[in-house]
Amino acid sequence: MKKVLVTGGAGYIGAHAVVELINAGYEPVVVDDLSKSDRTLLEGVESITSRKVQFFQGDCGDTSFLKGVFEWAGPFAAVMHFAAYKSVGESVEQPLEYYRNNLGSLVSLMKTMKGFGVANLIFSSSCTVYGQPDVVPVNEETPFKRAESPYGATKQMCERILEDAYLTGYRVISLRYFNPVGAHPSAQIGELPIGRPNNLVPFITQTAAGIREKLTVFGNDYDTPDGSCVRDFIHVVDLAQGHVKALEYLHKSRSEKLFEVFNLGTGEGVTVLQLINKFIETTGVNVPYAIGPRRSGDVEKTYGDVSKANNILQWKTKYSIEESLQHAWNWEKKLRDIK
Ligand code: UD1
């Protein structure tokens with residue numbers, strides 16, 4: 001069985017990837033410092049898969065900790081690197097923490113990989129690297145605009161690090177996610193926002209559950225069909241399966257050095273207001289909302305051209321937006337014990 005090191009495997013996307021890796025016959029080993037997560041999702045993973053997952057708590061920026069993991073739990077066929085800070089607002093307040101954590105952990109991970117002869121790396125990037133695109137959908141050739149936040153800048157810089165370093169003997173795939181939403185269909189794992197959610201779907205589900213009084217739609221005067229922002233909302237299980245496809249592609253490819261980038265999204269743009277209304281229609285639960293001012297740093301419109309991942313990785317999304325919203329709601333209901 002091929003072992004895969006999954007950093008950030010106790011987080012939202014990482015935990016879903018661990019499930020898909022197990023389903024595909026891999027043996028994931030999880031590293032997470034639990035600074036933005038806890039053991040809840042790992043317990044969910046174990047319950048879905050009926051498997052115990054090997055877990056090491058620690059920081060990827062700590063090279064001696066990482067070395068220990070490679071020594072004890074290796075050899076690894078590949079690494080999936082999810083561990084990173086991801087809150088746009090927090091990154092504006094604490095830019096240096098974001099640069100230290102997101103860049104430092106990638107560099108120390110790659111150095112450790114080199115020391116142990118591990119070349120295969122799958123990196124969590126984001127559509128945020130494109131900034132405010134001139135034309136949608138964006139494809140992988142779309143040039144980067146100045147990042148809207150320190151968080152976005154860390155993703156751009158990490159991609160630059162990968163692009164420079166792969167020539168020294170790495171095989172890298174960087175996956176640019178659009179907006180991950182939903183939860184596992186079993187409702188055993190899903191998003192666990194810390195405190196007040198910043199992201200739209202957790203805010204919708206918490207409002208539907210009565211934890212938040214109402215949702216504010218940040219702006220309805222954009223140049224879009226109904227004035228609210230357009231995003232590409234991808235089911236987190238589809239996204240996780242994209243990682244397994246990327247891993248298979250790395251294994252099939254014979255080149256000693258490789259650097260490829262893929263957009264992972266649905267290829268369809270949905271407005272914020274459309275999404276809220278779809279949630280209400282699909283679940284039959286009301287979500288009180290009001291229109292508020294624009295949120296600073298928001299991109300008006302973005303969705304992905306995903307034909308490269310469709311063609312080269314042989315990957316396609318399977319879930320509809322309605323299923324994503326229903327699964328997100330099922331997860332919220334389970335968390336809050338709502339029948
Ligand atoms: C952004 C980044 C994404 C990154 C994510 C991390 C872009 C295009 N996307 O996602 O790459 O991974 O941050 O958090 O840079 N909204 C409301 N009310 C709310 C919450 C959100 O109207 O209470 C709206 C936002 O204005 C936005 C949309 O919903 O138009 C989605 O927002 P959010 O879920 O925060 O994700 P992005 O900002 O798109």
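A few points on the structure. (Residues numbered from 1 in each chain as written. Predicted model: local features only at pLDDT ≥ 70, side-chain atom pairs only at ≥ 80, totals over all residues. Heavy atoms only, no water.)

1. Things to note about the site of the ligand
- The full set close to the ligand counts 20 residues, and S126, L200, T216, R231 and D298 are the nearest of them.
- Here N179 contributes a side-chain N or O atom positioned 3.0 Å from an oxygen atom of the ligand.
- Compared with its free state, where it exposes 740 Å², the ligand has 90% of that area covered by protein.
- Sort the elements by how many residues they give to the shell around the ligand and strand β8 (residues 215–218) lands first, with four residues.
- Here the residues of the shell around the ligand are counted per class, giving nine nonpolar, seven polar and four charged. (Near = heavy atom within 4 Å. Polar contact = N/O pair within 3.5 Å; in protein donor to acceptor, adjacent residues only side chain to side chain. Areas by Shrake-Rupley, 256 points an atom, 1.4 Å probe, with all protein chains shown as cover. Helix = DSSP H or I, 4+ residues; strand = E, 2+ residues; numbered from the N terminus. Nonpolar A, V, L, I, M, F, W, Y, C, P; charged D, E, K, R; others polar.)

2. Considerations on the nonpolar core
- Formed by 43 residues in total, the largest nonpolar core has its most connected members in L21, V45, I122, I173, L175 and L247.
- Those elements that place two or more of their residues in this core are β1 (3–7), α1 (12–23), α2 (40–49), β4 (78–81), β6 (171–177), α8 (236–252) and β11 (258–264).
- With eight residues, α1 is the single largest residue contributor to this core.
- With sequence-adjacent residues up to four places away left out, I173 is seen in contact with L121, I122, F123, A246, Y249, L250, L258, E260 and F262.
- Within the second largest apolar cluster, 27 residues are counted, among which are M113, L162, Y170 and V172. (Core = buried A, V, L, I, M, F, W, Y, C linked by side-chain atoms within 4.5 Å. Buried < 20%, exposed > 50% of the residue type's maximum accessible area, 1.4 Å probe, protein only. Contact = heavy atoms within 4.5 Å.)

3. Section: the sheet that holds β6
- Spatially, the seven strands line up as an open sheet ordered β3-β2-β1-β4-β5-β6-β11, and their pairing is parallel. Pairing within the sheet leaves two strands with one partner each, and these edge strands are β3 (54–57) and β11. Put simply, the sheet's adjacent strands are angled 20 degrees from each other on average, direction ignored.
- Where β6 lies against β11, seven bridges are found, and the strand directions are parallel. The residue bridging S174 from the neighbouring strand is V261, located in β11.
- In the packing of helix α3 (residues 63–73) onto the sheet, the strands contacted are β1, β2 (27–32), β3 and β4, and the crossing angle to β3 comes to about 160 degrees. (Pairing = 2+ DSSP bridges. Axes fitted to C-alpha atoms, helices over the stretch in contact; angles between N-to-C directions.)

4. So, the packing of helix α7 (residues 200–208) against helix α9 (residues 272–283)
- For the pair α7 and α9, the least separation of the axes is 11 Å and the interaxial angle reads 40 degrees. Considering the angle they form, α7 stands oblique to α9. Crossing angle aside, the handedness with which α7 passes α9 is right-handed. Mapping the contact onto sequence places L200, V201, I204, T205 and A208 in α7 and V272, L275, I276 and F279 in α9. (Parallel < 35°, antiparallel > 145°, perpendicular 65-115°, else oblique. Left-handed = near helix turned anticlockwise from the far one by under 90°.)

5. Thoughts on the environment of N310
- Following the sequence through the fold, N310 ends up in helix α10 (residues 307–312).
- In sequence terms N310 and E97 are 213 residues apart; their C-alpha atoms lie 36 Å from each other.
- In this structure, N310 is in contact with W315 and K316, ignoring residues within four places of it in sequence.

6. Re α7
- For α7, a buried count of eight out of nine residues is recorded, marking the element as mostly surrounded by other parts of the structure.
- Those residues of α7 that are buried are in contact with β7 (179–181), β8, α9 and α11 (321–336).
- Looking one or two places after α7, you find G210, whose phi comes out positive at around 85 degrees.

7. Here's the deal with the side chain of S324
- Along the chain, S324 turns up in helix α11.
- A residue is classified by how much of its surface remains accessible, and S324, at 1% relative accessible area, is buried.
- Beyond its immediate stretch of four places on either side in the chain, S324 contacts V181, G182 and H235.

8. Considering α8
- Taking 1.5 Å of rise per residue, the 17 residues of α8 would be expected to cover 24 Å, and the 25 Å separating its terminal C-alpha atoms lies within 8% of that figure.
- Most of α8 sits inside the fold, with twelve of its 17 residues counted as buried.
- Turning to α8, its buried residues are V236, V237, D238, L239, A240, Q241, G242, H243, V244, A246, L247 and L250. (Expected span 1.5 Å × (residues − 1).)

9. Here we look at the packing of aromatic side chains
- In the structure shown here, the tally under the stated rule is seven aromatic pairs.
- Between F70 and F116 the ring centres are 5.3 Å apart and the planes differ by 35 degrees, which places this aromatic pair in the tilted class. Of this pair, F70 sits in helix α3 while F116 sits in the loop between α5 (95–115) and β5 (120–126); the two residues are 46 residues apart in sequence, bridging distant segments of the chain.
- A relative accessible area of 4% places F70 in the buried class.
- Ring plane angle 85 degrees and centroid distance 6.4 Å describe the contact between Y130 and F144, whose orientation is recorded as edge-to-face. Of this pair, Y130 sits in the loop between β5 and α6 (150–165) while F144 sits in the loop between β5 and α6, placing them 14 residues apart in sequence.
- You can call Y130 buried: its relative accessible area is 0%.
- Pairwise contacts between aromatic rings join F70, F76 and F116 into one cluster.
- The ring of Y85 has K36 lying over it, and the distance from NZ or CZ to the ring centre is 4.6 Å. (Phe/Tyr/Trp six-rings, centres within 6.5 Å; stacked < 30°, edge-to-face > 60°. Lys NZ or Arg CZ within 6 Å of the ring centre and 35° of its normal.)

10. Some remarks on the environment of Q57
- When you line up the elements, Q57 lands in strand β3.
- Q57 sits in the partly exposed class, given a relative accessible area of 46%.
- With 22 residues separating them along the chain, Q57 and S35 place their C-alpha atoms 9.8 Å apart.

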